[in-house]
Number of protein chains: 2
Amino acid sequence: MDSEVLAQLTEILEEDQISTNDTILEHHSKDESYHAAHLPEVVLFPRSSEEVSRILALADRTKTPVTPFGLGSGLEGHVVPSSGGISIDFSEMTQIIEVREDDLVVRVQPGVTRSMLDNALKKYGLFFPVDPGADATIGGMTATNASGTTSLKYGVMKDQIRSLEVVTPQGEIIKTGSLALKSSSGYNLTDLYTGSEGTLGCITEITLSLYGVPENITAARATFPSINDAVDAVTSIVQAGVPAARMELVDEASIRQVNRLVETAYEENPTLFLEFHGNEAGLKQDVQFTKEILFDNHCTDVIFEKDNQARMKLWEGRHNLAYAYVHDYPGRSLMVTDVCVPISSLAEAIIFGREQLEENNLPGGIVGHVGDGNYHAFIMIDKTDEKEMQKADDFNQAIVEHALSRGGTCTGEHGVGIGKKKYLEAEHGAALGVMKTIKKALDPNNIMNPGKFIDIE
Amino acid sequence: MDSEVLAQLTEILEEDQISTNDTILEHHSKDESYHAAHLPEVVLFPRSSEEVSRILALADRTKTPVTPFGLGSGLEGHVVPSSGGISIDFSEMTQIIEVREDDLVVRVQPGVTRSMLDNALKKYGLFFPVDPGADATIGGMTATNASGTTSLKYGVMKDQIRSLEVVTPQGEIIKTGSLALKSSSGYNLTDLYTGSEGTLGCITEITLSLYGVPENITAARATFPSINDAVDAVTSIVQAGVPAARMELVDEASIRQVNRLVETAYEENPTLFLEFHGNEAGLKQDVQFTKEILFDNHCTDVIFEKDNQARMKLWEGRHNLAYAYVHDYPGRSLMVTDVCVPISSLAEAIIFGREQLEENNLPGGIVGHVGDGNYHAFIMIDKTDEKEMQKADDFNQAIVEHALSRGGTCTGEHGVGIGKKKYLEAEHGAALGVMKTIKKALDPNNIMNPGKFIDIE
């Protein structure tokens, strides 16, 4: 990146919006995963879509790589500026632009975090359901099509997004979608940019659907003698059509982490964390039916957390599991697998993953949004130990290949980034060619997050 | 289209799969709307994706226009072969390939109709929820991102589609998506092809999500002194978060059509058709709460149709309304508006539409999937009367402009086709340029449904 580009940036941004400070560069070189860091040459902090537009136009003209950065809570290296160049940090674009209470809609800037949005919505009695665990930015969650524990009932990011403002690699500001709940008007650009991981432009505004806080919420913990029984119970609940809001599997190792982290004394056996949202009478009937299915599947104990604080604690434990593992293994790095399979293949997929974990003697545990067919193995790896790294990578590959052979996907919610790039050919075949054609057409100079999931040569 | 192309087609297909018969050409020249017909030069009836692939490869090589045809039940002229060439009819591709009962998934060929699918699913206790009224093909419904009365609860076509097989304009057979319920793997091509109206390729296989037949269903008719009151009631129900499965507005004129069509004696006042799906206890509570909201909004009468046959009759009347209008106005053609607006603008949008209809003295009525913010004016026009055609077109334009000014869309579910093409610039602005770039990249010879919603020059 030549000094001419840096000089031109000073014509677009104030001095305090441009940083080449070592600590800042270092902070923008990595995410929370095991992926190798790479420094950007400069970090920019735009305050408006117009500034982003001028930055991208300059980058395109000078063929300078651009990597968008939310909070760095990703798990596949999306924000690592693999080719150097510019890291655009959205932490100065954190406005909640408009809450349309009557339309159950909110417009936000990309740097708004989940907790910022939660707090702003409280007074309206509304909430935004997608909870990927980390307190990620809405921009980052949009870029990876994130999901989480409540996606079973409410859907993933793409199901919530009505409209996006995107700055194209050429610096044009476009608006996709509309405020309407549905549309058949033209190509669905909203869903194309959602999950495109910063490879097609910068997302500068997101319009999201909101929901009324449920009238009643019931959470429960159900313990099982084996993971197999727990997964069978989940499969039966899904197939019976019980509208559960959350169904999370937490294995023994992970329950131990939860207990240490939030100081609970949950029984250390394979456990399902469940939650139901609805009206009082309907919920009672759903819970009763679910209980029957759980016990039919050898559940040994179900404890209902009616108290709001006990319920919050349960989900706090689940959401912070990744951090619990990281703290428990100082000096090691986190690798998280993320396959998603059709529900009928879930039990064998998890059993396979569990066996592979034990066979390879890798420290970690298994958790998952099992109602969706999505599960994660958290593995704590020593990045300096080449042999262990290879073992962990082989493990990840075995899990992905197993999922793909069952018609599943290599990533249910974390995205491709660096880590899953090598599996795209196997998953998408000739469709990957279509993706490349789109990338080439929309970003011919390949400035947007180059080296990440899609290569164009 | 030169005779050389016709000759080469005989190398791909059997004789009985190629037709230049006048009646057949005529049948493939139009849909159910007012749009001007245009004859194709040949109609092809492929029986496999491979045959479609060879047809498209030939068409691309010879720059021959191709227009896919499902059943011709569309309302915006999508299947009209405006540039002549080939019409591909999918009526020989009607296989229900696989019902994965445990995964709540079905794989079908594009020529399968809604009623064929319904019948095949009955024995599994499963159903497919999207019901656009017409007994359309799943291929056509995918191509237009169709929706219908139950989209309020279950979502639109794009929410049901897990995977597509698409033949690209170059004749390559690709698979998008997977069997998994969610994915963050690469660009979302599934949602790009869904709603692309045959302009990016031919859809040759669709994998859909299914649902268990609801344990309990309650339907109701609620009558109001005015449309305004009816719409206010809908808005309140949506904002209160009552999970209704269907909420349809039928105005006085349309209730008269329903009464004549299915021989009912419904009160001829603005009416809401409602339906709730769920467990018995929850449903009771939802219905009670809804009743209170209805009467708060001046509802004069609510009649619950508990009997299954009475319920079926109610929806039969609603679904066949377009046909009722067509039969009631022999010699006239159907124009249907299709805007969708944010729910807070719905009342004023419908009142505006109603006023415009009366002011212009156009025969017809208003109905709508009002829970989604989507409403239709059915207008019966005399295509030979230029003045009336102009009046109807002005009316459509006024409604669209009103909707766009409220952040809505020109088409909630019917698609763009020929009829809404002129509004895309106003709705999408610079984003239309991105759509054109994609079209140009994926179909550089512009063979797929040329002249329809997107032009590339």
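Residues numbered from 1 in each chain as written. Chains lettered and ligands numbered in written order. Predicted model: local features only at pLDDT ≥ 70, side-chain atom pairs only at ≥ 80, totals over all residues. Heavy atoms only, no water.

### What to know about the side chain of Glu275(A)
Residues and elements named next belong to chain A.
Argument step 1. Take Glu275: it is sitting in strand β14 (residues 271–278).
Argument step 2. The exposure class assigned to Glu275 is buried, which follows from its relative accessible area of 1%.
Argument step 3. Within polar-contact distance, the side chain of Glu275 engages the side chain of Arg311 at 2.9 Å.
Argument step 4. The contact partners of Glu275, leaving out residues within four places of it in the chain, are Ile217, Thr218, Ala219, Ala244, Ala245, Arg246, Arg311 and Trp315. (Helix = DSSP H or I, 4+ residues; strand = E, 2+ residues; numbered from the N terminus. Buried < 20%, exposed > 50% of the residue type's maximum accessible area, 1.4 Å probe, protein only. Polar contact = N/O pair within 3.5 Å; in protein donor to acceptor, adjacent residues only side chain to side chain. Contact = heavy atoms within 4.5 Å.)

### Side note on the domain arrangement of chain A
Residues and elements named next belong to chain A.
Argument step 1. Each assigned domain of chain A is listed here: domain 1 (3–91), domain 2 (96–212), domain 3 (216–322) and domain 4 (329–428).
Argument step 2. Taken residue by residue, the interface counts 15 residues in domain 1 and 21 residues in domain 2.
Argument step 3. Summing the contributions of domain 1 and of domain 2, the shared interface buries around 1,300 Å²; its carbon and sulfur component is 68%.
Argument step 4. In this structure, the connection of domain 1 to domain 2 is made through zero salt bridges.
Argument step 5. Linking domain 1 with domain 2 are three residue pairs in polar contact (both at pLDDT 80 or more).
Argument step 6. A per-element tally of the side of domain 1 that touches domain 2 places helix α3 (residues 49–61) first, with seven residues.
Argument step 7. Its residues assigned to classes, the side of domain 1 that touches domain 2 comprises seven nonpolar, five polar and three charged. (Domains from an automatic or database assignment. Buried area = accessible area lost by both parts, 1.4 Å probe. Salt bridge = Lys/Arg side-chain N within 4 Å of Asp/Glu carboxyl O. Nonpolar A, V, L, I, M, F, W, Y, C, P; charged D, E, K, R; others polar.)

### Here's the deal with the UniProt feature "domain: FAD-binding PCMH-type" (unreviewed entry) in chain A
Argument step 1. UniProt annotation of "domain: FAD-binding PCMH-type" (unreviewed entry) refers to residues 35–213 of chain A when read in the numbering used here.
Argument step 2. Between the C-alpha atoms that bound residues 35–213 of chain A the distance is 38 Å, and the span itself is 22% helix and 25% strand. (UniProt positions renumbered as here; feature names shortened; annotations may be inferred.)

### A word on the relation of the copies chain A and chain B
Argument step 1. Structural alignment of chain A on chain B gives an RMSD of 0.0 Å, achieved by rotating through 180 degrees and translating 0.0 Å along the axis. Viewed as a symmetry operation, the transformation between the two copies matches a two-fold axis. Among all residues of chain A, the minimum C-alpha distance to the rotation axis is found for Gly282(A), at 1.6 Å.
Argument step 2. When the interface residues of chain A are mapped onto chain B, 100% of them again lie at the interface, so the same face is used by both copies. (Least-squares fit on C-alpha atoms with pLDDT ≥ 70 in both.)

### Quick word on the packing of helix α10 (residues 252–262) of chain B against helix α13 (residues 321–328) of chain B
Residues and elements named next belong to chain B.
Argument step 1. At a closest axis distance of 9 Å, the pairing of α10 and α13 adopts a crossing angle of 85 degrees. As judged from the angle between their axes, α10 and α13 are roughly perpendicular. Residues Ala253, Ser254, Gln257, Val258, Arg260 and Leu261 of α10 form the contact with α13, whose own contacting residues are Leu321, Ala324, Tyr325 and Asp328. (Axes fitted to C-alpha atoms, helices over the stretch in contact; angles between N-to-C directions. Parallel < 35°, antiparallel > 145°, perpendicular 65-115°, else oblique.)

### Regarding the nonpolar core
Argument step 1. The biggest cluster of nonpolar side chains holds 170 residues, and the ones touching the most others in it are Leu272(A) and Leu272(B).
Argument step 2. Those residues in contact with Leu272(A) that lie beyond four places of it in its chain are Ala220(A), Arg221(A), Ala222(A), Phe224(A), Ala230(A), Ala233(A), Val234(A), Glu248(A), Leu249(A), Leu294(A) and Val370(A). (Core = buried A, V, L, I, M, F, W, Y, C linked by side-chain atoms within 4.5 Å.)

### Some points on helix α11 (residues 280–296) of chain A
In an α-helix, one full turn covers 3.6 residues, which means residues spaced three or four apart are oriented alike.
All names here are of chain A.
Argument step 1. Over its 17 residues, α11 runs 25 Å from end to end, which matches the ideal 24 Å to within 8%, given 1.5 Å per residue.
Argument step 2. What α11 keeps buried is the set Gly282, Leu283, Asp286, Val287, Thr290, Ile293 and Leu294. Each buried residue of α11 lies within a common arc of 130 degrees when the element is viewed along its axis, so the set occupies one face. Among the exposed residues of α11, those pointing more than 90 degrees away from its buried face are Lys284 and Asp296. (Expected span 1.5 Å × (residues − 1). Arc of directions from axis to C-beta.)

### Side note on the packing of aromatic side chains
Argument step 1. Tallied over the full model, the rule gives 14 aromatic pairs over all chains.
Argument step 2. For the ring pair Tyr154(A) and Tyr211(A), a centre distance of 5.0 Å and an interplane angle of 70 degrees mean the geometry is edge-to-face. With Tyr154(A) in helix α6 (residues 151–154) and Tyr211(A) in strand β11 (residues 211–212), this residue pair connects regions lying 57 residues apart in the sequence.
Argument step 3. In this structure Tyr154(A) comes out as buried when scored by relative accessible area, which is 10%.
Argument step 4. Considering the side-chain rings of Phe273(B) and Trp315(B), the 6.0 Å spacing of their centres and the 85 degrees angle between planes classify their relative orientation as edge-to-face. Within this pair, whereas Phe273(B) is found in strand β14 (residues 271–278), its partner Trp315(B) is found in helix α12 (residues 308–319), the two being separated by 42 residues in sequence. (Phe/Tyr/Trp six-rings, centres within 6.5 Å; stacked < 30°, edge-to-face > 60°.)

### What to know about the pattern of salt bridges
Argument step 1. Overall, the coordinates contain 50 salt bridges over all chains when judged by the stated rule.
Argument step 2. Close ionic contact of Arg221(A) with Glu305(A) constitutes a salt bridge, the shortest N to O distance being 3.0 Å. Residue Arg221(A) is found in strand β12 (residues 216–223), and its partner Glu305(A) is found in strand β15 (residues 301–305); the two are separated by 84 residues along the sequence. Of the two residues, Arg221(A) and Glu305(A), neither departs from the other in class, the shared state being buried.
Argument step 3. Ionic pairing is found between Lys420(B) and Glu76(B), a salt bridge with its closest N-O pair at 3.4 Å. Here Lys420(B), found in the loop between α15 (386–405) and α16 (424–428), pairs with Glu76(B), found in the loop between β3 (66–69) and β4 (86–89); they are 344 residues apart in sequence, far enough to count as distant.
Argument step 4. Sharing partners across several salt bridges, the network here consists of Glu98(A), Arg100(A), Asp103(A), Arg107(A) and Glu205(A).

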